Amino acid sequence: MEKKEWYLEYEIKKNRPGLLGDISSLLGMLSINIVTINGVDDKRRGLLLLSDTKEQIDRLKSILQTVDNITITKLREPKLRDRLAVRHGRYIQRDADDKKTFRFVREDLGVLVDFMAELFKQEGHKLIGIRGMPRVGKTESIVAASVCANKRWLFVSSTLLKQTVRSQLFEEEYNHDNLFILDGIVSTKRANEKHWQLVREILRLPAVKVVEHPDIFVQNSEYTLDDFDYIIELRNTHEEEITYHIDDDQQLFSDNSFSMFDF
C-alpha cells in the first residue's frame, strides 16, 4: 500500500521538557514517519507525516486529543501553505476575505519565490496576478521562481530591460511548459490590437501566465479579477499601501522608471 502524507499542527499550551520527544515516540509506536518538523509560530509546531493508512492518523488524533499540554489545530492532507509553513517556519499571510490573495513583504522574497515556484510547477492553465509598487521586486521574483520551477519564461509585455510589447510568438514558444509574463500597464497603455490578439491567445493556453499590475489590466480589458486563480501582493513594508495613479498626459515610462506614478 502506498504511503500518504498528512499535515499535523498543534498549539503548545504548556511547554515542558520532552514534549516533542513524547509525540515523536507516539508517532513511532503508531508506525507513522516524520518527514519534516518545524515551528510555524511562536507556540505552534507543524509536522509533515507519512502513514500507511488513515486509521493510523485517526488513532493519532484520538490520542493527542487527550494530551493536556497541546491542542490540535490542523490534521489534514497537506496543502501548499502547510508545506511552505514547515519549510520556512511560518505561514504565508493570506487575505481573510479573499482567500486567493497572498501578501508578502520584501524581506520575504525567498518565501515568495518558493511559493510561486510551487505554483509554476502545477500543470494546466493558471492565471496569477502580482501587485506592488515600482522596483519592489515583482519581475525579479517571477524570473527567479521560473528558474526554481525549471520553466522557460517569455516576456509578452515588460519593462525589465527595455520596453517589450510582442505581437506574435515563434512556433516553438507556444509550449505549454513555458511561463508567460505580462505587464498590465504596458499591455493596456502602449500596445496595439495585434498585441491584444496575442494576449487573448496566450490566456487560452493551458499554461501558467503571470500578470503584473492585474488591476490596471482588468480596468482596460474584458477580463476581471475573478479570472485570476491567485493574486500576490508584494510590499516594501507591511504598512505600505499599493496605490498609484496613471496620468495619460504624461510619458508612461522614461529610462525604465515609472515617473507617472503618484505616490
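In what follows, the structure referred to is the one given above.
Position numbers for residues start from 1 in each chain and track the written sequence from start to end. Under the rules for a predicted model, residues below a pLDDT of 70 receive no local features and side-chain atom pairs below 80 are neither given nor counted, while totals for whole chains, interfaces and linings still include all residues. The basis for the side-chain values is all heavy atoms of the structure; hydrogens and waters are excluded.

Caption draft 1: View of the overall build of the protein. Helical segments are the DSSP runs of H or I of at least four residues, strand segments are the runs of E of at least two, and each set is numbered from the N terminus. Scanning the protein for helices and strands turns up eight helices and 13 strands. Considered along the principal axes of its C-alpha atoms, the protein spans approximately 70 × 40 × 30 Å. Only protein chains enter the accessibility calculation, which uses a 1.4 Å probe; a residue whose area is less than 20% of its type maximum is buried, one above 50% is exposed, and one in between is partly exposed. Considering the protein as a whole, with its 263 residues, one finds that 47% of them fall into the buried category. We call two residues in contact when some of their heavy atoms are within 4.5 Å. In the protein, of all internal contacts separated by at least 6 residues, the share reaching a separation of at least 24 is 71%. Split by element, the accessible area of the protein, about 13800 Å² in all, is 44% carbon and sulfur. Charged side chains of the protein number 39 positive and 44 negative; the gap between the two group centres comes to 5 Å. Using the Shrake-Rupley algorithm and a 1.4 Å probe, accessible areas are obtained, with residue cover drawn only from the displayed protein chains. As used throughout, the charge tally considers Lys and Arg to be positive and Asp and Glu to be negative, leaving His and the chain termini uncounted. By convention, the charge on Lys lies at NZ, on Arg at CZ, on Asp at CG and on Glu at CD.

Caption draft 2: Representation of the pairing of strand β6 (residues 101–105) within the structure. Across the five residues that make up β6, a large majority, four, are buried. Two strands are said to pair when DSSP picks up at least two bridges between them. As paired elements, strand β5 (residues 93–94) and β6 share two bridges and run antiparallel to each other. Among the inter-strand pairings, R94 is bridged to a residue of β6, identified as F102.

Caption draft 3: Structural context of helix α7 (residues 193–203). Turning to α7, its buried residues are H195, W196, L198, V199, I202 and L203. For α7, the buried positions fall inside an angular range of 155 degrees around the axis, keeping them on one side. Whenever two N or O atoms come within 3.5 Å, that pair is a polar contact, provided that in protein one can donate a hydrogen and the other can accept it, and provided that, for residues adjacent in sequence, both atoms are side-chain atoms. Backbone nitrogen of K194 and a side-chain oxygen of the N-cap are separated by 3.2 Å at the start of α7; the cap is N192. Think of the arc as the fan of directions from the helix axis to the C-beta atoms.

Caption draft 4: Seen up close, the sheet that holds strand β1 (residues 4–12). Here we have four strands laid out as an open sheet, ordered β2-β3-β1-β4, and antiparallel in their pairing. If you trace the sheet from one side to the other, it starts and ends with β2 (33–39) and β4 (70–76), each paired once. Averaged over all pairs of adjacent strands, the angle between their axes in this sheet comes to 20 degrees, without regard to strand direction. With six bridges connecting them, β1 and β4 associate as antiparallel partners. Bridge pairing in β4 places I12 opposite I70. Set on the sheet, helix α2 (residues 54–64) makes contact with β1, β3 (44–51) and β4; between it and β4 the angle comes to about 160 degrees. Angles here are taken between N-to-C directions and fall from 0 to 180 degrees, while the axes themselves are lines fitted to C-alpha atoms, restricted in helices to the stretch in contact.

Caption draft 5: Structural detail: the packing of aromatic side chains. Each Phe, Tyr or Trp ring (for Trp, its six-membered ring) is paired with any other whose centre lies within 6.5 Å, and the angle between the two planes then decides the class: stacked below 30 degrees, edge-to-face above 60, tilted in between. All chains considered together, the criterion is met by six aromatic pairs. Centroid distance F102 to Y230: 6.0 Å. Interplanar angle 40 degrees. Geometry classified as tilted. Pair noted here: F102 is in strand β6 and Y230 is in strand β13 (residues 230–235), with a separation of 128 residues, a long-range link. Their ring planes at 25 degrees and their centres at 5.5 Å tell us that W196 and F217 sit as a pair that is stacked. Of the two residues, W196 sits in helix α7 while F217 sits in helix α8 (residues 214–219), which places them 21 residues apart along the sequence. Overall, W196 belongs to the buried group, its relative accessible area being 8%. These aromatic residues form a ring-pair network of at least three members: F102, F104, F115 and Y230.

Caption draft 6: Structural detail: a negative patch on the surface. There is a patch of like negative charges on the surface, built from D97, D98, D226, D227 and D229. If you trace the backbone, D229 turns up in the loop between α8 and β13. Classification of D229 by relative accessible area gives partly exposed; the value is 32%. Residues forming no salt bridge and having over 30% relative accessible area are the ones grouped into patches, like charges within 9 Å of each other and nonpolar side chains (Val, Leu, Ile, Met, Phe, Trp, Tyr) within 5 Å. Think of a salt bridge as a Lys or Arg side-chain nitrogen and an Asp or Glu carboxyl oxygen that are within 4 Å of each other.

Caption draft 7: Inspection of the packing of helix α4 (residues 109–121) against helix α5 (residues 138–148) at higher detail. Interaxial distance between α4 and α5 falls to 8 Å at its minimum, and their mutual angle equals 55 degrees. Relative to α5, the element α4 lies oblique. Judged by the twist between their axes, the crossing of α4 over α5 is right-handed. Each of L109, L112, V113, M116, A117, F120 and K121 in α4 lies in contact with α5, whose residues at this interface are S141, I142, A144, A145, S146 and C148. Grouping the amino acids of the contact of α4 with α5 by side-chain chemistry returns ten nonpolar, two polar and one charged. Each angle gets one of four labels, with under 35 degrees taken as roughly parallel, over 145 as roughly antiparallel, 65 to 115 as roughly perpendicular, and the rest as oblique. In this scheme the crossing of two helices becomes right-handed for a clockwise turn of the near helix relative to the far one and left-handed for an anticlockwise turn of less than a right angle. In this count, Pro and Cys sit with the nonpolar residues alongside Ala, Val, Leu, Ile, Met, Phe, Trp and Tyr, while Asp, Glu, Lys and Arg are called charged and the others, Gly among them, polar.

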